[in-house]
Amino acid sequence: HETSTLALHADKTFENFTTVRSGLTVEVAENLADAKARAKEFSINPRGWLVLFGSYGCGKTHLAAAIANYRLQQHHEQSVFVVVPDLLDYLRAAFNPNTHAPLDVRFEEIKRASLLVLDDLGTESATAWAREKLYQLFNYRYNAHLPTVITTAVRIEHLDPRLASRMLDGIRCTFFVLEAPSYRGKSTRPRRRHGEG
């Protein structure tokens, strides 16, 4: 699928996801091991939604990509792995009259993907159009019981409540908090977001 950037994450597997790092407390190492186990379980039997929440660089994207890579390697299943702002750019580009794939065709492909990984939810520009498209995507996949993996570093109360309510549905969705600090040392990306205090 042309929107999917899974190929950029081909190196991210469960095998090379490290749960033991210097400076981690026992509790945090156990939390990472638990996150890995949950993600592996989901990759073997993708049902419902898995939300991975944690600070930038803690390993969310690695685990999300490992799920999609596992499905590809073990089941030859093509997942759609996309960073949320890139997804919205891709859909916006479909408004161009010269585009070969109109918006409805592009959107249907993503909505119906056998497994959809939405990386970095909450980093998109929160325009009315973007909110509406994400709501339509979430709502369709939620009602159709389609397996979906979402990563976010944004606290749930700062997300669109229509999205948050689906992500917090304990029957269909596993919400997992990764407690590890950034793998990358000190993150250069801002921790505070507009509206957080």
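Above this text sits the structure in question.
Along each chain, residues carry numbers from 1 onward, in the same order as the chain's sequence is written. Note on the predicted model: pLDDT of at least 70 is required for a residue's local features to be given, and 80 or more for side-chain atom pairs to be given and counted; whole-chain, interface and lining totals, by contrast, use all residues. Only hydrogens and water are removed before side-chain values are computed, so all heavy atoms of the structure are retained for them.

(A) Structural context of the nonpolar core. We call a set of buried Ala, Val, Leu, Ile, Met, Phe, Trp, Tyr and Cys residues a nonpolar core when their side-chain atoms join them within 4.5 Å. Only protein chains enter the accessibility calculation, which uses a 1.4 Å probe; a residue whose area is less than 20% of its type maximum is buried, one above 50% is exposed, and one in between is partly exposed. Among the nonpolar cores identified, the biggest contains 31 residues, and Leu118, Leu121, Phe138, Ile150 and Met167 are the most heavily contacted of them. Secondary structure elements follow DSSP: runs of H or I no shorter than four residues count as helices, runs of E no shorter than two count as strands, and numbering proceeds from the N terminus. Top element by residues in this core is helix α5 (residues 128–143). It accounts for six residues. Not counting the four nearest positions on each side in its chain, Leu121 is found in contact with Val84, Leu134, Phe138, Ile150, Thr151, Thr152, Ala153, Val154, Leu159, Leu163 and Met167. Grouped together as the second largest cluster of nonpolar side chains are 26 residues, Leu24, Leu52, Ala65 and Val117 included. Contact between two residues is taken to exist if any of their heavy atoms lie within 4.5 Å; hydrogens are not considered.

(B) Fine view of the environment of Gly23. Mapping Gly23 onto the fold places it in the segment before α1 (26–44). Separated by 158 residues in the primary sequence, Gly23 and Pro181 have C-alpha atoms spaced 9.9 Å apart.

(C) Structural view of the pattern of salt bridges. Throughout this description, the term salt bridge denotes a Lys or Arg side-chain nitrogen within 4 Å of a carboxyl oxygen of Asp or Glu. For the structure shown, the criterion picks out eight salt bridges. For Asp160, the salt bridge identified is with Arg162, shortest N-O distance 3.3 Å. You can call Asp160 buried: its relative accessible area is 15%. Looking at Arg162, the relative accessible area reads 30%, which means it is partly exposed.

(D) Broad picture of the sheet that holds strand β1 (residues 49–53). If you trace the five strands from one edge of the open sheet to the other, you get β2-β3-β4-β1-β5, paired in parallel fashion. The two strands at the open ends of the sheet, each matched to only one other strand, are β2 (80–83) and β5 (173–177). Strand after strand, the sheet turns through a mean of 15° between neighbouring axes, direction not considered. In short, DSSP must find at least two bridges between two strands for them to pair. For β2 and strand β3 (residues 116–121), the ladder comprises four bridges, and the chain directions are parallel. For Phe81, the partnering residue across the bridge sits in β3 and is Val117. Here, axes are lines fitted to C-alpha atoms. For helices the fit covers the stretch in contact, and angles between N-to-C directions go from 0 to 180 degrees.

The quantities given are spatial measurements derived from coordinates; they are silent on function.
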